[in-house]
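Here is what each chain is made of, one letter per residue.
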Amino acid sequence: MLYREAGQFKTTYAEDMAIFPIRQDRMALAILLGIAFIGVPLLADFDIWPFGSDYLLRAILLPFLILALAAIGVNILVGYCGQISLGSGAFMAIGAYSAYKLGTGVHIPLDWLGFAISIPPLPVLLSILLGGLAAAVVGILFGIPSLRIKGLYLAVATLAAQFFFDWVFLRVPWFTNYAPSGSVSAPTLDFFGLNVGTPIERYMLCLIFVTVFAFLAKNLVRGNLGRQWMAIRDMDIAAELIGIRPLYAKLTAFAVSSFIIGVAGALWAFVYLGSWEPLAFSIERSLQLLFMVIIGGLGSIMGSFIGAAFILILPIMLNLLPTQLGVPLSTETITHLEFIIFGSLICYLLIKEPHGFARLISIGKEKLRLWPFPY
Amino acid sequence: MIALGQFLEVLIGGLMSGVLYSLVALGFVLIFKASGVFNFAQGAMVLLAGLALVRSLDLLVANGFPLWVAIVLGIGFAAVIMAITAWLIERFVIGPLVNQNALTLFMSTIGVTFVLEGAAQMIFGSDVYPLRLFPTDIWLLFESHFPGGILVNQLDVWGGLIAGILVAGLAIFFQQTKTGRALRAVADDHMAAQSVGIPIGWIWFVVWLVAGLVALVAATVWGTKLGVQFSITFLALKALPVLIIGGLTSVPGAIVGGLIVGAGEKLAEVFLGSHIGGGIEYWFAYVLALAVLLVRPQGLFGERIIERI
């Protein structure tokens, strides 16, 4: 009888509409946030294994947080609005490169008009958010085809975005500030005079971003807009009949999703990679994000986190396991084995639980409600 | 002024590489028609078939078999490998996922892609293996009409021939044989096909087998051109716009779409690329597909899907 809403009476409408109506959910979330915000920094501070080493923070937690943010963005589009996108990597790239350009100063010479547009280097926070905004604008543009096509056809349309922007950032030297190697470095991460440099600072920064955006997304999807998206996903004709404008609903989904993906892209480039080249945002990244969303659970914010953790940590585990077990295998064999096991696990999960980990969690909650009685 | 000779040379080269795209796209179309599965693994299947063929060929030749025996045995071995793959995929992935939505099926084929790529390279090695089945000499045509003539690779001509034969063979298979007709019945309506006694599992196995054999053919041509190597799998991605342009459900569409994409991207690369920085080949096909989608969502030859959006 650990988990049930019996006895928790709601006396106001606001209470009834609360984001987490069950007390145990609130407590679990508070504990989780407490561990993330206070526990991890404390453990890192006192050098307690494994938090003491930078490896966990830099190589696991940081990418996990950022990719979870991107997965939330993808989930809004694919999971809530039902529009398949294979171009998430491109939107991450747009966020990253726009933020980079804004963070280092934009200079557009308009010789034929006789003047130039110059924007001085913006603060990092502003350029990251504006990078997201740029991704949102491009997202709306590439969302327009979704008004005529859907399903796998739309997937190919977004694939066009992926390849086009891969090329743009590779071939147009303006975006990389004419760097000869095509690889660019992020400006120093200066937030209101606070320099973010050490892994734990970077971790905290990403954590704040992810928490804020996760709450925003959670509130969006249970509000008016989110319900419109879900109606469009479930049956577009019926949604249109009850007065939902498909144009508005689909384009807002594209905009919000691309914004979040763009911010995640900017974070990925600035905070995680530091210096990067267009390859960091290739088609593999798009597929990886789509996997996270599907494995985690379509239409679930929580699922995005679980999916991101699973997809990210599984290859690392597979990589470590043979050496830990003392099985002598060449690195090449390990890479191939990793491919095989990863692929089979994806297939297995899709067959066993097509609705992802989020469904497992809700089943678990149902069971907990009754526990310890059978019914 | 662009010389006509150069234009023709680029056009022919483009059309011929388009044939190769068509070969990959054909495999997609077959599976999509019969089971509604958008098969991302086609590129990996080309890789697997190519590796199986080239490695067994090398082994047989090294053991003193005459070349023609080695080729026949090698192709037979690769075909058997593709048959086993088809059976495994049908039995363990597509079969259990019956009735799931298109996205889940699509993702599962990406999973299959990973497995095939890993397994193929683990079993057969992961280097670049040259394959020499077709002549790769160069012909110079119309030397009297244009200065320098028109360069045509013999391999491209062979590729075109093989694609033609393949399409004719598939057409006969679909129209004339009992299995072919059962295939079309399944494509039309799974439930109805099942209720008149068509074994659906067997049919799907046949479809994946045919797609595997098409992949084998594609692998022989691509392998001769580029060597059998991992980058062949990226072909799968190039075949997607081909499908969109030609129509997802049309075999002739796959061929025509491939030709359009091949010729279009080579022409764009040569005549536009110099103006905007090169590398247009990389995205031209996708943007073309996007344009086609906006004007004619079912593709040039696809069945019109009447569906409100």
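Details of the structure are given in the entry above.
Everything quoted here is computed from the prediction, not taken from an experiment.

Each helix and strand in chain B was counted, giving 12 helices and 2 strands. Traced from its N-terminal end to its C-terminal end, chain B shows the element sequence α-α-α-α-β-β-α-α-α-α-α-α-α-α. Out of the 309 residues in chain B, the part that is buried amounts to 54%.

By the element assignment, B:V256 lies in helix α10 (residues 251-271). Owing to a relative accessible area of 29%, B:V256 belongs among the partly exposed residues under this scheme.

Before going further, it helps to examine the pattern of salt bridges. All names here are of chain A. Using the criterion set out here, one finds 3 salt bridges over all chains in the structure. One salt bridge in this structure joins D25 and K365, with 3.6 Å as the shortest N-O distance. Taken together, the residues span a long stretch of sequence, with D25 in helix α2 (residues 23-45) and K365 in helix α14 (residues 356-370) at a distance of 340 residues. On the accessibility criterion, D25 (16% relative accessible area) is buried. The class of K365 is partly exposed, set by a relative accessible area of 31%.

For the rest of this paragraph, the subject is the packing of aromatic side chains. Centre distance and the angle of the planes are the two values used to describe a pair of aromatic rings. Tallied over the full model, the rule gives 29 aromatic pairs over all chains. An angle of 85° between the planes, with centres 5.1 Å apart, marks the rings of A:F169 and A:F175 as edge-to-face. Here the aromatic rings of B:F77 and B:F124 are separated by 6.4 Å at their centres, their planes lie at 85°, and the arrangement is edge-to-face. Within this pair, whereas B:F77 is found in helix α3 (residues 67-94), its partner B:F124 is found in helix α4 (residues 102-124), the two being separated by 47 residues in sequence. The partly exposed category is assigned to B:F77, whose relative accessible area is 34%. Ring pairs connect the aromatic residues A:Y97, A:Y100, A:F142, A:F164, A:F165, A:W167, A:F169, A:W174, A:F175, A:F270 and A:W276, which therefore count as one cluster. Lying over the aromatic face of A:W174, A:K101 brings its terminal NZ or CZ to 4.2 Å of the ring centre. If you follow A:R245 out to its NZ or CZ, it ends over the ring of A:Y248, 4.7 Å from the centre.

Residue and element names in this part refer to chain A. Evaluated as defined, the whole model comprises 1 cavity of 30 Å³ or more. For the largest cavity, the calculated volume is near 50 Å³. Residue lining of the largest cavity: I294, I295, L349, L350, E353, P354, G356, F357 and L360, and that is the complete set. Among the elements of the structure, α11 (283-296), α13 (331-352) and α14 are those that each provide at least two residues to the lining of the largest cavity. Broken down by class, the residue content of the lining of the largest cavity amounts to 7 nonpolar, 1 polar and 1 charged.

This brings us to the side chain of B:S108. Note on placement: B:S108 falls in helix α4. The contact partners of B:S108, leaving out residues within four places of it in the chain, are A:C347, A:L350, B:V93, B:I94 and B:L97.

What follows is about the nonpolar core. One recurring pattern in soluble globular proteins is that nonpolar side chains are buried together. All names here are of chain A. Ranked by size, the top nonpolar core spans 215 residues in total, and within it W229, F270 and W276 carry the most contacts. Residue contributions to this core peak at 19 residues, all from helix α3 (residues 54-80). Apart from the residues lying within four places of it in its own chain, the contact partners of W229 are I76, Y80, C81, L220, V221, A249, T252, A253 and V256.

Turning our attention to a nonpolar patch on the surface. Residue and element names in this part refer to chain A. A cluster of nonpolar side chains, namely I108, W112, L113, F115, I117 and I119, defines an oily patch on the protein surface of about 610 Å² accessible area. A per-element tally of the nonpolar patch places strand β2 (residues 115-119) first, with 3 residues. Mapping W112 onto the fold places it in the loop between β1 (106-110) and β2.

What counts, and at which threshold
Residues numbered from 1 in each chain as written. Chains lettered and ligands numbered in written order. Predicted model: local features only at pLDDT ≥ 70, side-chain atom pairs only at ≥ 80, totals over all residues. Heavy atoms only, no water. Helix = DSSP H or I, 4+ residues; strand = E, 2+ residues; numbered from the N terminus. Buried < 20%, exposed > 50% of the residue type's maximum accessible area, 1.4 Å probe, protein only. Salt bridge = Lys/Arg side-chain N within 4 Å of Asp/Glu carboxyl O. Phe/Tyr/Trp six-rings, centres within 6.5 Å; stacked < 30°, edge-to-face > 60°. Lys NZ or Arg CZ within 6 Å of the ring centre and 35° of its normal. 1 Å grid on protein atoms, 1.4 Å probe; cavity = no way out; pocket = protein on both sides within 12 Å on 5 of 7 lines; lining within 4 Å. Points joined across faces, edges and corners; volume = space filled by probe spheres on them. Nonpolar A, V, L, I, M, F, W, Y, C, P; charged D, E, K, R; others polar. Contact = heavy atoms within 4.5 Å. Core = buried A, V, L, I, M, F, W, Y, C linked by side-chain atoms within 4.5 Å. Patch = residues over 30% accessible without salt bridge, like charges linked within 9 Å, V, L, I, M, F, W, Y side chains within 5 Å. Areas by Shrake-Rupley, 256 points an atom, 1.4 Å probe, with all protein chains shown as cover.

Honestly, it's all geometry; don't read function into it.
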